[in-house]
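Coordinate inspection notes
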Amino acid sequence: MDLFLNDPLGCSDVVGMFLLLQENGEKPDSMTHKDAMMFPLVASCALLGLYIVFKLFNKEYLNLLLALYFFVLGVLALTHLLKPNVAPLLSTFVPNVPYKLTCTEGTGDKKTEIMDYEFDCIDLICVSVSTIFGIWYLVKKHWIANNVLGLAFAVNGVELLQLNSVITGCILLGGLFIYDIFWVFGTDVMVTVAKSFEAPIKLIFPMDILERGLAAKNFAMLGLGDIVIPGIFIALLLRFDRRHVGNDSKRPIYFYLTMVAYFLGLVLTVLVMHVFKAAQPALLYLVPACLGAPVLLALVKGEIKNLFTYQDHTEDALNNKKTDGASGENTSKENENKESENKENENKENENKESVESDETKKSM
């Protein structure tokens, strides 16, 4: 019997977006109030869409496509996680030779660059190791391979998503609190999708590991959303500690206290799950723990105003940044169109000149 600690099923989109941002060299934007309010609605649409797809189509073929998709994403996510940690060790005895992969289309003035990717020997080693884990999961679906890829997704997800303020975090966690309770207790949608979705979007904990060892078959599962969503809020509290509490205290107390509260909330979730032998919405226990701990501490220390007014960036600055980014993309597209038009006009003028010159030479002859 598998027991589920359910969560928002949207980590695959998060990691996919992260990898695209990293490839383009862009930094992820902070989440605004509007983004936080829309997140549960978008997650609900994605969850319901997956539920309908699994009801209408054959699960075997769908899971095969999903397995291939997550194989590619998992290799990239694990590679991104491995390189900064193993690079100092490998660079001492591996010659780190740089490589460059370039792909162009056309010749001469019409030559356009399709791909320009730089990598080195350490990248190749990390990709090779990640591919081994990916193939292991793809072939065996072993719980260790699943957890390695799942943790890579979770770390990348926390790195991508960034809350701008505690108020934004409260909006996000509050919305997902209601979302998780509704889809678990109110319908069979969450449990059905969790059971049908064979992908490393959850961590698997063997319950019979003492009897069966690594070949355990009875599992409890923790969705990655139960790690990523509280994780980005705890990361915000760490930044708050460093900026506002750092002058008065050497330790990031808000961060440590909320981490302990998160762990206790997770333990409570597991206990309730085992007592009732039923799927539990983990955010039902994690959200009060993660929000209650810093608020109570702020009340005790008299820093409640500082906590709720803290912002990495102002809301207007974030909105202007997104607007400028969109307008910048439009401007770049317009410039590209103008350049292409100018090149076409120049080519036409050159062709006209050549035709005129050829006519003149014919007349002179």
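Rules and cut-offs
- Residues numbered from 1 in each chain as written.
- Predicted model: local features only at pLDDT ≥ 70, side-chain atom pairs only at ≥ 80, totals over all residues.
- Heavy atoms only, no water.
- UniProt positions renumbered as here; feature names shortened; annotations may be inferred.
- Helix = DSSP H or I, 4+ residues; strand = E, 2+ residues; numbered from the N terminus.
- Buried < 20%, exposed > 50% of the residue type's maximum accessible area, 1.4 Å probe, protein only.
- Contact = heavy atoms within 4.5 Å.
- Areas by Shrake-Rupley, 256 points an atom, 1.4 Å probe, with all protein chains shown as cover.
- Core = buried A, V, L, I, M, F, W, Y, C linked by side-chain atoms within 4.5 Å.
- Salt bridge = Lys/Arg side-chain N within 4 Å of Asp/Glu carboxyl O.
- Pairing = 2+ DSSP bridges.
- Patch = residues over 30% accessible without salt bridge, like charges linked within 9 Å, V, L, I, M, F, W, Y side chains within 5 Å.

By the naming in an unreviewed UniProt entry, the protein goes by Minor histocompatibility antigen H13 and is assigned to Paramuricea clavata. A UniProt comment under Subcellular location (unreviewed entry) is attached to the protein, and it reads "Endoplasmic reticulum membrane".

Within the protein, the secondary structure is distributed over 13 helices and six strands. Burial status across the protein gives 39% buried among its 365 residues. In the protein, the proportion of contacts linking residues at least 24 apart, taken out of those at least 6 apart, comes to 76%. When the accessible surface of the protein is totalled, it reaches about 21100 Å², and 62% of it is carbon and sulfur.

Time to look at unusual backbone geometry. Positive phi values are uncommon outside glycine, yet Lys141 reaches one of about 55°. Turning to its location among the elements, Lys141 is positioned in the loop between helix H4 (121–140) and helix H5 (143–160).

Now for the UniProt feature "transmembrane region" (unreviewed entry) in the protein. Here the UniProt-annotated "transmembrane region" (unreviewed entry) positions come out as residues 36–54, 61–82, 122–139, 160–185, 219–241, 253–276 and 282–300. Secondary structure over residues 122–139 splits into 100% helix and 0% strand, and the C-alpha atoms at its two ends are 26 Å apart. Summarising residues 282–300: 95% helix, 0% strand, and an end-to-end C-alpha distance of 27 Å.

In this section: the nonpolar core. With 58 residues, the main nonpolar core has Leu172, Phe197 and Phe233 as its most contacted residues. Contributing elements (two or more residues each) for this core: helix H2 (33–56), helix H3 (59–90), H5, helix H6 (166–186), helix H7 (189–196), helix H9 (225–245), helix H10 (253–276) and helix H11 (283–301). When residues of this core are assigned to their parent elements, the largest contribution, eight residues, is made by H9. Non-local contacts of Leu172, meaning those with residues more than four positions away in its chain, are made with Met31, Ala36, Phe39, Leu163, Ile229 and Ile232. Grouped together as the second largest cluster of nonpolar side chains are six residues, Ala87, Val94, Cys121 and Ile122 included.

With respect to the helices, strands and loops of the structure, Ser130 is situated in helix H4. Using a relative accessible area of 0% as the deciding quantity, one classes Ser130 as buried.

If you walk through the whole model with that rule in mind, you get five salt bridges. One salt bridge in this structure joins Lys83 and Asp120, with 3.4 Å as the shortest N-O distance. With Lys83 in helix H3 and Asp120 in strand E3 (residues 112–120), this pair connects stretches of sequence that are 37 residues apart. For the salt bridge of Lys100 with Asp116, the shortest nitrogen-to-oxygen distance reads 3.6 Å. Taken together, the residues Lys100 in strand E2 (residues 98–105) and Asp116 in strand E3 connect sequence positions 16 residues apart. For Lys100, a relative accessible area of 53% corresponds to the exposed category. Among the charged side chains, a salt-bridge network with shared partners connects Lys83, Asp120 and Asp123.

A word on the pairing of strand E4 (residues 202–206). Residues in a regular strand point their side chains to alternate faces of the sheet. Counting buried positions along E4 gives four out of five residues, so the element sits mostly inside the fold. Judged from the five bridges that link them, E4 and strand E5 (residues 219–223) form a sheet pairing that is antiparallel. Note that in E5 the partner of Phe205 across the bridge is Ala220.

Moving on, we get to the environment of Ile122. The residue Ile122 is located in helix H4 in this model. By relative accessible area, Ile122 is classed as buried at 2%. Residues Ile122 and Pro88, spaced 34 residues apart in sequence, show a C-alpha to C-alpha distance of 9.9 Å. Contact partners of Ile122, with chain neighbours within four places excluded, come to Lys83, Ala87, Leu90, Ser91 and Asn96.

A contiguous nonpolar surface patch, about 460 Å² in accessible area, is contributed by Leu48, Ile52, Val53, Leu56 and Phe57. Examined against the element boundaries, Phe57 turns out to sit in the loop between H2 and H3. Assessed through its relative accessible area of 53%, Phe57 is described here as exposed.

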